[in-house]
Structure formats: structure tokens, C-alpha cells
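Overview (structure and organization)
If you want the building blocks of each chain, they are given just below.
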Amino acid sequence: MLLTMASGLFVAMARGADDRDPPTLERDVAPILRAHCLRCHGPNRPKGKLNLAGPRSLARGGESGPAIVPGRPDESELWDQVAGGEMPPKTEEPLSEDQKQTLRRWIERGAPGLPDPAAVARTPRSWDHWAFAPPSHPTPPSVRDDRRVRGPIDRFIQRALEERGLTLGLDADRATLMRRVSFDLTGLPPSPAELVAFMADPAPDAYERLVDRLLASPHHGERWGKHWLDASGYADSNGYFNADTDRPLAHRYRDYVIRSMNADRPLDQFVREQLAGDELAHGQRGPGCSPEVVDQLIATHYLRNSQDGTGESDGNPDEVRVDKYAVLEGTAQVIASSLLGLTIQCARCHDHKFEPITQEDYYRLQAILYPAFNVEHWVKPNARIVVAGPRDELLRWEANEKAIDAELAALRAKVKGSKEEQKKQEDALRPMIQAIEARRRPNPGRIAWVSDVSATPAEIPILVRGGYTTPGRKVGPGVPGFLSDEDNPYRPDPKSAGSGSTGRRLALARWLTKPGSRPSALLARVLANRIWQDHFGTGLVATSENLGFTGAPPSHPELLEYLAAELARSGWSARALHRMIVTSTAYRQASSVRPEALRLDPDNRLLSRYPMRRLDAESIRDAMLAVSGELDERPGGPYIPTHRTGSGEVVVDPSDPGATRRSVYLQQRRTQVASLLEVFDSPSIVTACTRRQPSTVPLQSLSLLNSDFIRARAKALDARLGRECDHCSQDDDRIDRAFLLVAGRFPTPADRNAAGRFLREQPGRYPDLDAAASGRRAWVDFCQMLLASDAFLYVE
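As the structure is a computational prediction, the values presented were derived from the model and not from experiment.

**What to know about the overall build of the chain**
On a plain count of helices and strands, the chain comes out with 33 helices and 9 strands. Computed over the C-alpha atoms, the radius of gyration of the chain is 31 Å, within 12% of the 28 Å expected from 2.2 N^0.38 for a compact globule of 796 residues. Its C-alpha atoms give the chain principal-axis dimensions of about 120 × 75 × 50 Å. When the 796 residues of the chain are sorted by exposure, 53% land in the buried category. For the chain, the accessible area works out to roughly 35900 Å², and carbon and sulfur atoms hold 54% of it. Positive and negative side-chain charges in the chain, numbering 106 and 107 respectively, have mean positions lying 2 Å apart.

**Let's talk about empty space enclosed by the protein**
One pass over the structure, following the stated rule, counts 7 cavities of 30 Å³ or more. Counted as a void, the largest cavity has a volume near 180 Å³. Along the wall of the largest cavity there are 13 residues; nearest its centre are W224, W228, M261, L527 and I531. Elements with a contribution of two residues or more to the lining of the largest cavity: α12 (218-231), α14 (267-280), α21 (518-536) and α23 (574-582). In terms of residue count, α21 provides more of the lining of the largest cavity than any other element does, 4 residues in total. Class assignment of the residues belonging to the lining of the largest cavity gives a composition of 9 nonpolar, 2 polar and 2 charged. Looking at the second largest cavity, its volume works out to about 90 Å³. Lining the second largest cavity, in full, are Y234, A235, Q667, Q668, R669, R670, V673, A674, L677, S682, P683 and I685. Across the lining of the second largest cavity, the residue classes tally to 7 nonpolar, 3 polar and 2 charged.

**Describing the environment of E633**
Topologically, E633 is positioned in the loop between α26 (617-627) and β7 (642-644). Put simply, E633 and K353 are 280 residues apart on the chain and 49 Å apart in space, counted from C-alpha to C-alpha. A polar contact of 3.5 Å, which involves the side chain of E633, links it to the side chain of H219.

**Quick word on the sheet that holds strand β1 (residues 286-287)**
Reading across the sheet, the 3 strands line up as β1-β2-β3 and stay open at both edges, with mixed pairing between neighbours. Unpaired on one side and paired on the other, β1 and β3 (446-448) mark the two borders of the sheet. Lying on the sheet, helix α18 (residues 391-413) is in contact with β1 and β2 (385-389); it crosses β2 at an angle near 110°.

**Observations concerning the packing of aromatic side chains**
Aromatic ring pairs: the centre-centre distance and the angle between the two ring planes describe each pair. Applying the stated rule across the entire model yields 18 aromatic pairs. Arranged with centres 5.1 Å apart and planes meeting at 80°, the rings of Y362 and Y363 form a pair that is edge-to-face. Judged by relative accessible area, Y363 falls into the buried class, the value being 1%. Each residue in the set W228, Y234, Y253, Y256, F270 and Y302 is aromatic and connected to the rest through ring pairs, giving one cluster. Positioned above the aromatic ring of Y610 is the side chain of R180, whose terminal nitrogen or guanidinium carbon lies 3.6 Å from the ring centre. Across the ring face of W779, the terminal group of R734 is positioned such that the distance to the ring centre comes to 4.5 Å.

**Re the side chain of H219**
Along the chain, H219 turns up in helix α12. If sequence neighbours within four positions are ignored, H219 has contacts with L185, T186, L188, E633 and R662.

**Digging into α12**
With 14 residues, α12 should reach 20 Å at 1.5 Å per residue; the first-to-last C-alpha distance of 21 Å fits that figure. The buried fraction of α12 is high, at 13 of 14 residues. The N-terminus of α12 is capped by S217, whose side-chain oxygen sits 3.0 Å from the backbone nitrogen of H219. G233 sits one or two residues past α12 and shows a positive phi near 80°.

**Let's talk about helix α6 (residues 97-108)**
Between its terminal C-alpha atoms α6 stretches 16 Å, which fits the 16 Å expected from 12 residues at 1.5 Å a residue. Where α6 is concerned, the buried positions are K100, T102, L103, W106 and I107. Looking straight down α6, one finds its buried side chains confined to an arc of 160°; they lie on one side. Exposed and oriented more than 90 degrees from the buried face of α6 are E97 and D98.

**As for the packing of helix α22 (residues 557-569) against α23**
With their axes 9 Å apart at the nearest point, α22 and α23 run at an angle of 140° to one another. It follows from the interaxial angle that α22 and α23 lie oblique. Handedness of the crossing formed by α22 with α23: right-handed. Residue-level inspection shows Y562, L563, E566 and L567 of α22 in contact with α23, the latter providing A574, L577 and M580. A class-by-class count of the residues in the contact of α22 with α23 yields 6 nonpolar, no polar and 1 charged.

**Quick notes on the side chain of S520**
Tracing the backbone through its elements, the reader meets S520 in helix α21. Once residues within four sequence positions are removed from consideration, S520 is found in contact with L512, T513, K514, P515 and W572.

**Thoughts on the confidence of the model for the chain**
Averaged over all residues, the pLDDT of the chain equals 91, while 97% of them reach at least 70. In this model, residues 1-18 is a region of pLDDT below 50 whose contacts with residues beyond four sequence positions or in other chains number 3 contacts.

**A word on the nonpolar core**
L58, L78, W106, W228 and L275 are the most contacted members of the largest nonpolar core, which has 189 residues in total. Contacts of L275, omitting those with residues within four sequence positions, involve Y302, L303, I335, L339, R505, L508, A509 and L512.

**Some details on the pattern of salt bridges**
One pass over the structure, following the stated rule, counts 59 salt bridges. Salt-bridge contacts for R72 lead to E75; the nearest nitrogen and oxygen are separated by 3.4 Å. Overall, the relative accessible area of 44% leaves R72 in the partly exposed class. With a closest N to O distance of 3.3 Å, D205 and R209 form a salt bridge. Accessibility expressed as a relative area gives 31% for R209, which makes it partly exposed. Residues participating in the shared-partner salt-bridge network are D74, R104, E108 and R109.

Procedures and definitions
- Residues numbered from 1 in each chain as written.
- Predicted model: local features only at pLDDT ≥ 70, side-chain atom pairs only at ≥ 80, totals over all residues.
- Heavy atoms only, no water.
- Helix = DSSP H or I, 4+ residues; strand = E, 2+ residues; numbered from the N terminus.
- Rg over C-alpha atoms; globule rule 2.2 N^0.38 Å.
- Buried < 20%, exposed > 50% of the residue type's maximum accessible area, 1.4 Å probe, protein only.
- Areas by Shrake-Rupley, 256 points an atom, 1.4 Å probe, with all protein chains shown as cover.
- Lys, Arg positive; Asp, Glu negative; His and termini not counted.
- Charge placed at Lys NZ, Arg CZ, Asp CG, Glu CD.
- 1 Å grid on protein atoms, 1.4 Å probe; cavity = no way out; pocket = protein on both sides within 12 Å on 5 of 7 lines; lining within 4 Å.
- Points joined across faces, edges and corners; volume = space filled by probe spheres on them.
- Nonpolar A, V, L, I, M, F, W, Y, C, P; charged D, E, K, R; others polar.
- Polar contact = N/O pair within 3.5 Å; in protein donor to acceptor, adjacent residues only side chain to side chain.
- Pairing = 2+ DSSP bridges.
- Contact = heavy atoms within 4.5 Å.
- Axes fitted to C-alpha atoms, helices over the stretch in contact; angles between N-to-C directions.
- Phe/Tyr/Trp six-rings, centres within 6.5 Å; stacked < 30°, edge-to-face > 60°.
- Lys NZ or Arg CZ within 6 Å of the ring centre and 35° of its normal.
- Expected span 1.5 Å × (residues − 1).
- Arc of directions from axis to C-beta.
- Parallel < 35°, antiparallel > 145°, perpendicular 65-115°, else oblique.
- Left-handed = near helix turned anticlockwise from the far one by under 90°.
- pLDDT = per-residue confidence, 0-100.
- Core = buried A, V, L, I, M, F, W, Y, C linked by side-chain atoms within 4.5 Å.
- Salt bridge = Lys/Arg side-chain N within 4 Å of Asp/Glu carboxyl O.

Take a look at the structure:
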């Protein structure tokens, strides 16, 4: 009896432990299936039609029926095969005993996370992954406690929190919130006047009106344009070879993106223009083009963002061919990651192992681009130029150039006499000639674009195992089969694209953005997820470049679906989505950690608090210029060049007239990222960067202490404090002003005590200086320490 009771108690204790931490599909089971089963049972041609790559396909089962019978492992075909040693095959690594027991326990407990097999069976197999399903519009759920709910986003977040016994946290204080939303929407800190005005505004809609002002700011486009430029692979150089040659007209695409963000250009239109702006323009180019057509032509630079070393190839025919294919492949990869949220590189050599992308799909996508990147009729990057623009503007430029030429000719005609006399006259005229030459301006109509080289339809070969010298059978243009539907066919129409074009890219653009289609729903999910990522640091799908089977599952799937549907419903307005997100309670929460939330939501994936984040590289540099009073707010135009110093540091020449402009206007050279930006994780663009990987390394602190740029900003900040606090009666007033500028708040008593002690003791470190000079140096040091502080570098 005692033995039986002990045995029963032991079993009960074991079950209790299991119940406290039951296995989940996402966390425990899916990694086992991915590691051991997808070679045979992946999305492409799975054995027995059993696809184990995702929850819906797992619920669907295979030819022999259901793979999983929730609650009954002994009736589940998958468990039967695993327990009998049939799966994985004996040629593969077997499951460990722990992995087998995890799978069995998951089935015993009802297979939580597995969709309803009956509901799945009513839909096509191509819908088996959530990201590839048709669009839907979930209803915001009801919640038990709606006191902190301001809008639909909060209902989804609160519901998930309540399931774990949590709730939305309290709002951040006004100063913290204003600094947060200012950096988020413009990349710049609020001015002291703006901060004080907001703090004193008693209106209940004060925050909403602040958001509207920030969204209407021209700095909004600079901030959010940079996010898109990263995702689309923008750079001011060609890359590929070490020469990394210049792209002198790429800045026109950068400015187009910023203008688009500031104008809230509908994102579906934004996408169509970048894929096929030349075809949307129906062949229009040259003088007399409207500003709309000029924008459409500039937008096609998106297809040029990939590396292109063909202008520097050494002439070896085999290597030149490889270089050309590399451009074609890079362009396809940019499209896949930035618009489709898919990884496609594996399909260059074979059917993708984990995604439903076949090798034929890959080359059909390349065939869409091939008329513009025809390896047999190649156009080098610096030759892909067109002149287009308003006739009056181009005529004014032409008249200016002719006038300059005439003036120079008249001056040079005065040079006469012997060679020695002519040389003296030329030396005397040189300053005048240089002044006249300085009046020249770049041709405002020159555009770096992409267009079809030939309108003759062409098929391209599938490269056997991806080898450039082993062409196989040929395929024509097409879209991925798993996203193809009868009501949204891919049909190129050369007549719709104007003379000289195949219409292939325009057909792709229209297929991708057709309202209510599965491709359009995927695009909306990708864009909505990336916007969420850039507000919270992590997307609802953490792998924002990969929403496929191998990507991370969404933390709040219904919320992502709702945001994607709202994006489309709003007319693809990014601004409307920004406003919905930043006015939610989820966004307004304080970043302070509650003990219970830390225990139940340790990684904050449920958003039980706002995730405190370090400023990105560009915001750090721009904010330093802003608080020191030096920021040059001029928009657009050619990049501000960088150069590498003898010590290897990449910097902007301080004497350059644009040295204090925003970082988005600095030269984006692939092999020469400005050192201050690079150390704070600004990417060196190889293909594209849909999300940055933040790091914390000693070199960042060393840069903050030793950078000439930061030391110069500290001196300028000290000078600003001198101007604005000229009549301050004591240091405390100046300290208050410094904190208000740098940290967006007044100092705490502890801050004030530490600052006062520093300013009293620091002059003693300069014994060779008199009292006034050592005191001045101490204030500069104090300003530098503020710029290196967490209060400046982090947004709470």
C-alpha cells in the first residue's frame, strides 16, 4: 500500500511539474521537426504529402491521414513513426529520448498551438503558412480589464498579457514620452521650448496633437526614409570590388524616398514606382516630363541598389559574366527581402529546402528582371542614365552653361603674346576663371535609372546547381507558384508599358499590389511588421526579412494581421499606421520593470513594458549636432563626402560646408562607413539591411571619450550654454539647461549633486591653466560626459 501510494504521489508530482511547464509547438516541438524532418517533409515535394514545416501543414497531415491526433499519441501517425524508429530515416540523426518525450507530452496535452485540422482541410495547401494566406481583418478581442485600453492595438496586447496574468503598465511621464516619440518620428530630440510647452499643455489631446506635428515635420521623412533606404540596399557606391566606385546620382533616389515619406505617398504606389516607374511612365522621358514622371523614373533606382562591379571588370569574359549575374541575383534578393519577406538565395542552386520556393520559381523571377539586366546586352552602371524634367528647368540650366562657356571663351580670347606672356596672363585670370566655373551646376535632369535594354521577350536558362557555365532548360517570367491564384494571374502586357519595354516588371508590380490578393496581403504584413519593428526595436515577427516557414513566428499573429489589414484599408498610409501605433497605450507605457512582469514576460515579447533602446547611430550623431545648436537642416542634394584619415578613421571634413548636416545625407559608401556611425552599428550595405543588430562594445565608450567629432560637439554645447545662460546667477541654472538639452528632462537631486561635484573637482586636473581657463575646460568636459551618458544615448 505504501509503495502504491508513493508511486502514485511520484507520478502526480511528475505530472504537476509537466503541467507547470508543458511543451509548446513554437518553443519545443517545431525546432525538433525543423532539425530532423524537413529534409524529407519540407514544403517542396514532401514525402507522402506530409509537410512538417508549419502548424497548418502539420495539422493537415499527409496521404495516410492525420499526422497528429491531439491527446492521443498512440493514434498519431507521426508519433507512431518516431516511436518505431522509422522517422527520421536511419540515414539521419535520430531523436534523443528527451526529444521523443517532448513530442509525446505535447500530443498528450492536446497538441497546443496546432490549428483545427477540419478548418485547415477546407483551405488550399498553398495557404498552409500564415504569411501566405489571403488577407483577413481580425476583430479586436474583448478583455477583462479595459481601463488601460485606448485603441484596437491595446486590446490585442492586453488579451495576450491577461492570458499570462499580466496587464498593460502605467504610462511614461510626459518628458520621457515626448523624447521617445520625437526620436521615433523624426530622429531628433525635442527642443527645450517644445518640451516645456508640452509639459504645460493641459489639453487632453496634447499628446495626439504633438504626434500630428511630428508626423508633419520634414524631419519625419529623413528618419523613416533612412529605414527604407537600409531595407532597399541603398548606397552611394557600386561595391563588389575594392575600388567601390562612386554612384554620383544615387542621391536623387534617396531624396525621392524622403519626399515620398513626407508626402505619405501610398506604400503600394511607392512599391509600383520602384519596380516599374519607367513602365508606369509609358516611355516618357526627356525635356517636358512632369514632376510625377520624373519621380517615377528616379524610383527605378531601387533596382540599381544592388552591388554592381561590371564597370570595373578586368575584361575576362568568364569573370565579366559572373559579375553580371551577381547584379541580377542581388536585385532579386533585395526584392525578396524588402517586399516579400523571404529568403530565396538557396533556390539559385536547388529547390529551397525549407521554403516553398522552387529553383524554377527563382529563375522565373530573374526572367522578369532580365530585359533590364540582359547579360548578353549589358549596360554598365554609369551608362544607365536618362535626362528628364520640366522643360523650363532644363532650358535654364542649358542657358546657364552656355553663358558660362561664352564668358570663359571671351576671357581666354584676351590671352595673347609670347608663351611667357600668355602664361602670366593665364595666371592673372585664373581666379576669375575659377569664380565663373563655380557657377556651374549639375544637370538637374540627369537621372540614374533602370529600363529594359530590349523589348524582345526572352527566356533564361536555369543554371544547373547555380553554375554560370552550366545552363539548363529555359524558363520565362513568372511569380512564385505558391502565391499564384487564378484571380490574380501574372500577365505581362508590353502595350501597357510603352515602347521599348516588355511590361514584365509592371506586371510584377500590379500582381504584388492587387487589392485583396495573397501577394498584396504578404506585402502588407512585411511592411506593417517592419514599421512595428522600427518603433519597438523588434518586429511582431522578429525576423523581419523572413516571414517564411524558417522565420520566427509572430508574437501576436492576430495583431499583425489587423495592422496589415488596416494599412491596406487606409489607402496604404504609413502615416496612419504610425499614428495608430504611437498613440496606443502599449507604446506609451513606462520602460520600468515590474517584478511580476519580469518573471512572466522576461524577454518582453508580450510588451508588458516599453522596451528601453539605445539610439541608432544616425540619431546619436544628429542629436549631438542638434543639442549643440549646430545642426544644418538643409534637405536633399548630393552627398557630403567622407574620407579616411591616416589613422584609418572615416570622417567628414569639418571644413566642408555640409559637415553638420543630418547623417542621412553623408556619403553612404559600402567600404567606407563613417567611423562614428559604424561603431554604433550603422550597416555596411552589401545587399540590404532590414534590421540592425545592436551591440554594446568597449569601442563605443572609447569613441565617446576620444572622438574629435564628439569633443567638438561638447565645445559647441558649452558655447550654447554660455549664450543661453549668459545671465544665470549660478551653476545650477546652467546645469538645468544642459540636462534639458541633452536628456530632455531636468536633473534629479542626485544628478545635480554629481554635476556640482564634478565641476568643482575637474578644474584641479588642469594645474597649468589659470582659474578661468581650467573652469572653462571643466565645463567642456562636463558637456562631453553628458553626451556620453545613458541619459543621452538611450530612449526610455
